[in-house]
Amino acid sequence: LGMADIALLGELHDNRLHHALRGQLIARLAGKGRTVVAEHLPQGAPVSFAADTRADLVAAGFDPAGWDWPTHEKLYEQIRASGTPLIGGNLPREQSRQIFMQGVTALPDRMAQTYEKSRLDAAAEKTLTRDLIDGHCGKLPDRYQSRMRFAQRVTDITLAHTLLDHRPAVLVAGNGHVRKDYGVPQVIAATAPQLRQISVGFIERSTDSQELIQSLGAQYDVVWLTDRTERKDPCENFDLK
């Protein structure tokens, strides 16, 4: 990780252990000139940390309710304490809404060029679509699938651009965004293949962890297994109009 131009650290959003472990890892990489790029913050100026981590994040566009604060608290406390520069990498909400509604024609020039250069092959596109459907409890209507897939790609391109503009850099984002087959690493490989990148998926243990690791071999360079977190069934009462 220390030798990579770009390191990508995944997460399950509701697993506090994932955030704590990544915070510790980023603290160990401190002093190597790296910038942390966060999915949880919109693109903008670097975060200016003072005394209150939550307030400083909110000032930079962080949504505490949307990200269920203090779930990520240990991650950002470690980033603040280590003095590591932090910047948002996600598409600002208003711009995201406009692109979602208008499609490719609403993409800025650089994003449009990257979108064309990093198009997914049929297998990766099929996998992404299936994962989006599964992520919506199998209830994502056909009419939404192409738009959701496009939104995911635009988010990955935005994160990739931020990483490229601030390298050497570390990304903290959901496991889907750090996948090598259809996530940010695929965008970077298509547009800047000379860079060294390494992707780490943070995965909860299963009854057969070795089989789990083997199944994830094409998705991540490293699989970091952790304990599971207690959670309610996310598909209970799920409804998508």
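This text gives an overview of the structure that appears in the document.

## Considering the pairing of strand E4 (residues 169-172)
(1) Moving on: Burial of E4 is two-sided: the residues Ala169 and Leu171 facing one way and the residues Val170 and Val172 facing the other way are all buried.
(2) Moving on: Examined bridge by bridge, strand E1 (residues 6-9) and E4 share four bridges and lie parallel to one another. Residue pairing for E4: isoleucine 6 is matched across the bridge by alanine 169.
(3) Moving on: As defined by bridge partners, strand E2 (residues 35-42) adjoins E4 across four bridges and the pair is classed as parallel. By the bridge assignment, valine 37 is partnered in E4 with leucine 171.

## Quick word on the nonpolar core
(1) Moving on: Ile99, Leu163, Leu171, Val184 and Ile188 are the most contacted members of the largest nonpolar core, which has 31 residues in total.
(2) Moving on: Only E1, helix H5 (109-117), helix H7 (142-165), E4 and helix H8 (184-191) provide two or more residues apiece to this core.
(3) Moving on: Those residues in contact with leucine 163 that sit more than four places away from it in its chain are Ile6, Leu8, Val37, Ala169, Val170, Leu171, Val184 and Ile188.
(4) Moving on: Counting 22 residues, the second-largest nonpolar core is a separate cluster that includes Leu9, Val36, Ala38 and Trp69.

## What about unusual backbone geometry?
(1) Moving on: In this structure, proline 70 follows tryptophan 69 across a cis peptide bond, with omega equal to 15°.
(2) Moving on: You can see proline 70 is positioned in the loop between helix H2 (53-59) and helix H3 (73-82).
(3) Moving on: Note that the residue after arginine 167, namely proline 168, is joined by a cis bond; omega there is 0°.

## Focus on the environment of lysine 32
(1) Moving on: With respect to the element layout, lysine 32 can be found in the loop between helix H1 (16-29) and E2.
(2) Moving on: According to the relative accessible area criterion, lysine 32 is partly exposed, its value standing at 45%.
(3) Moving on: Taking the C-alpha atoms as reference points, lysine 32 and glycine 2, 30 residues apart in sequence, are found 7.8 Å from one another.

## Some words on the packing of H1 against H3
(1) Moving on: At a minimum axis separation of 7 Å, H1 and H3 run at an interaxial angle of 15°. Considering the angle they form, H1 stands roughly parallel to H3. Here the hand of the crossing between H1 and H3 comes out right-handed. Facing H1, whose interface residues are His19, Ala20, Arg22, Gly23, Gln24, Ile26 and Ala27, H3 presents Lys74, Leu75, Gln78, Ile79 and Ser82.
(2) Moving on: Classifying every residue of the contact of H1 with H3 by side-chain character gives five nonpolar, five polar and two charged.

## Concerning the environment of asparagine 15
(1) Moving on: Here asparagine 15 lies in the loop between E1 and H1.
(2) Moving on: Here asparagine 15 falls in the buried class, since its relative accessible area comes to 2%.
(3) Moving on: For asparagine 15, the residues in contact, after removing those within four places along its chain, are Glu204, Thr226, Asp227, Arg228 and Thr229.

## Observations concerning the packing of helix H6 (residues 122-135) against H7
To characterise two packed helices, one gives the angle between the axes of the helices and the distance between these axes.
(1) Moving on: Contact pair H6 / H7: the axes reach a minimum separation of 10 Å and the direction vectors enclose 105°. The angle between the axes of H6 and H7 places the two elements in the roughly perpendicular class. Seen from H6, the contacting residues are Glu125, Leu128, Thr129, Leu132 and Ile133; seen from H7, they are Gln145, Met148, Arg149, Gln152 and Arg153.
(2) Moving on: Among the residues making up the contact of H6 with H7, the classes are represented as four nonpolar, three polar and three charged.

## Section: the sheet that holds strand E3 (residues 86-90)
Hydrogen bonding along the main chain pairs the strands of a sheet, whether they run parallel or antiparallel.
(1) Moving on: Spatial ordering of the open sheet is given by E3-E2-E4-E1-E5-E6, a layout of six strands whose pairing is parallel. One side of each edge strand has no neighbouring strand; the edge strands of this open sheet are E3 and strand E6 (222-226). When strand polarity is set aside, the average angle formed by the axes of neighbouring strands in this sheet is 25°.

## A look at the pattern of salt bridges
(1) Moving on: Using the criterion set out here, one finds 13 salt bridges in the structure.
(2) Moving on: Linking arginine 119 and glutamate 116 is a salt bridge whose minimum nitrogen-to-oxygen distance equals 3.0 Å.
(3) Moving on: Taking the relative accessible area as the measure of exposure, glutamate 116 reaches 45% and is therefore partly exposed.
(4) Moving on: Among the ionic pairs, arginine 179 bridges to aspartate 181, the shortest N-O distance being 2.5 Å.

Here is what the cut-offs are and how they apply
Position numbers for residues start from 1 in each chain and track the written sequence from start to end. Reporting of local features is limited, given that this is a predicted model, to residues whose pLDDT is at least 70; pairs of side-chain atoms are given and counted only at 80 or more, and all residues count toward the totals for whole chains, interfaces and linings. With hydrogens and water set aside, each side-chain value is computed from the structure's full complement of heavy atoms. Categorising residues by exposure relies on relative accessible area from a 1.4 Å probe, with only protein chains included: less than 20% of the type maximum marks a residue as buried, more than 50% marks it as exposed, and the intermediate range marks it as partly exposed. Runs of E in the DSSP output that reach at least two residues are strands. Runs of H or I that reach at least four are helices, and both are numbered from the N terminus. DSSP-based pairing: two strands are paired if at least 2 bridges between them are found. Grouping buried Ala, Val, Leu, Ile, Met, Phe, Trp, Tyr and Cys residues that are joined through side-chain atoms within 4.5 Å yields what is termed a nonpolar core. Should any heavy atoms of two residues lie within 4.5 Å, those residues are counted as being in contact. Under this scheme, a helix contributes an axis fitted over its contacting stretch, all axes are lines through C-alpha atoms, and angles between N-to-C directions fall in the 0 to 180 degree range. Oblique is the label for every angle not falling under 35 degrees (roughly parallel), over 145 degrees (roughly antiparallel), or within 65 to 115 degrees (roughly perpendicular). A clockwise turn of the near helix away from the far one marks a right-handed crossing, whereas an anticlockwise turn of less than a right angle marks a left-handed crossing. Three residue categories are used. Nonpolar comprises Ala, Val, Leu, Ile, Met, Phe, Trp, Tyr, Cys and Pro, charged comprises Asp, Glu, Lys and Arg, and polar comprises the others, including Gly. Should a side-chain nitrogen of Lys or Arg be within 4 Å of a carboxyl oxygen of Asp or Glu, the pair is scored as a salt bridge.

Any functional reading would require information that these geometric values do not contain.
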